[in-house]
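Overview (structure and organization)
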Amino acid sequence: MSRILNKESRILAKKVYEIENADYRQQREWREKGITRHMISDDVYMEKSDDHMMWYLWKFRATERRELCKAVPAFHFYPDTIEKILKAQPWVCI
């Protein structure tokens, strides 16, 4: 199980990094289209907090009626740092 969670954290960290470091053209396109959520896996989407200080990752499953959350500071960390932050947190039901 730990190996699966480590792989998930690695994949999610890379996606968070890619979105956070998108070039200005891509960011402008997202703003113009009103995109505020980014699907980063089959069951996880990401959105920025209202104060733009945090990224919230929301995990959902069709079989459950709840969402689980993890948070990453929006400080342009490298993927390995983001991965460590994600590994250190359990998925929490909010």
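If you're wondering where the values come from, they're calculated on a predicted model, not measured in any experiment. (Residues numbered from 1 in each chain as written. Predicted model: local features only at pLDDT ≥ 70, side-chain atom pairs only at ≥ 80, totals over all residues. Heavy atoms only, no water.)

Following the criterion strictly, the structure yields six salt bridges and no others. Here arginine 10 ties to glutamate 83 by a salt bridge, and the two come within 3.7 Å at their closest N and O atoms. With arginine 10 in helix α1 (residues 2–20) and glutamate 83 in helix α3 (residues 79–87), this pair connects stretches of sequence that are 73 residues apart. Residue arginine 10 is classed as partly exposed on the basis of its relative accessible area of 37%. Looking at glutamate 83, the relative accessible area reads 13%, which means it is buried. Salt bridges sharing partners connect three or more residues here, namely Arg10, Glu83 and Lys87. (Salt bridge = Lys/Arg side-chain N within 4 Å of Asp/Glu carboxyl O. Helix = DSSP H or I, 4+ residues; strand = E, 2+ residues; numbered from the N terminus. Buried < 20%, exposed > 50% of the residue type's maximum accessible area, 1.4 Å probe, protein only.)

Now for the confidence of the model for the protein chain. Here the protein chain shows a mean pLDDT of 92. Residues at 70 or above account for 95%. When the elements of the protein chain are averaged for pLDDT, α1 gives the smallest value, 88, and α3 the largest, 96. (pLDDT = per-residue confidence, 0-100.)

Let's shift gears to the packing of aromatic side chains. For the structure shown, the criterion picks out three aromatic pairs. Ring geometry for tyrosine 45 versus phenylalanine 60: centroids 6.1 Å apart, planes at 45 degrees, classification tilted. Residue tyrosine 45 is found in strand β2 (residues 44–48), and its partner phenylalanine 60 is found in strand β3 (residues 54–60); the two are separated by 15 residues along the sequence. Taking relative accessible area as the criterion, tyrosine 45 reaches 5% and is therefore assigned buried. For phenylalanine 60, a relative accessible area of 28% corresponds to the partly exposed category. A ring pair is formed by phenylalanine 75 and phenylalanine 77, whose centres lie 5.9 Å apart and whose planes are at 80 degrees; its orientation type is edge-to-face. Relative accessible area serves as the criterion here: at 47%, phenylalanine 75 is assigned to the partly exposed category. Residue phenylalanine 77 is classed as partly exposed on the basis of its relative accessible area, which comes to 25%. (Phe/Tyr/Trp six-rings, centres within 6.5 Å; stacked < 30°, edge-to-face > 60°.)

So, on to the environment of valine 72. For valine 72, the position within the fold is in strand β4 (residues 67–73). Valine 72 sits 17 residues away from glutamine 89 along the chain, and the two C-alpha atoms are 9.8 Å apart. Setting aside chain neighbours within four positions, we find valine 72 in contact with Met54, Trp55, Leu57, Ile82, Ile85 and Leu86. (Contact = heavy atoms within 4.5 Å.)

So, about the sheet that holds strand β1 (residues 37–39). Spatially, the five strands line up as an open sheet ordered β1-β2-β3-β4-β5, and their pairing is antiparallel. The strands lining the two open edges of the sheet, one partner per strand, are β1 and β5 (92–93). Across three bridges, the pairing between β1 and β2 is antiparallel. Note that in β2 the partner of methionine 39 across the bridge is tyrosine 45. Across the face of the sheet, α3 comes into contact with β3 and β4 while running at roughly 140 degrees to β4. (Pairing = 2+ DSSP bridges. Axes fitted to C-alpha atoms, helices over the stretch in contact; angles between N-to-C directions.)

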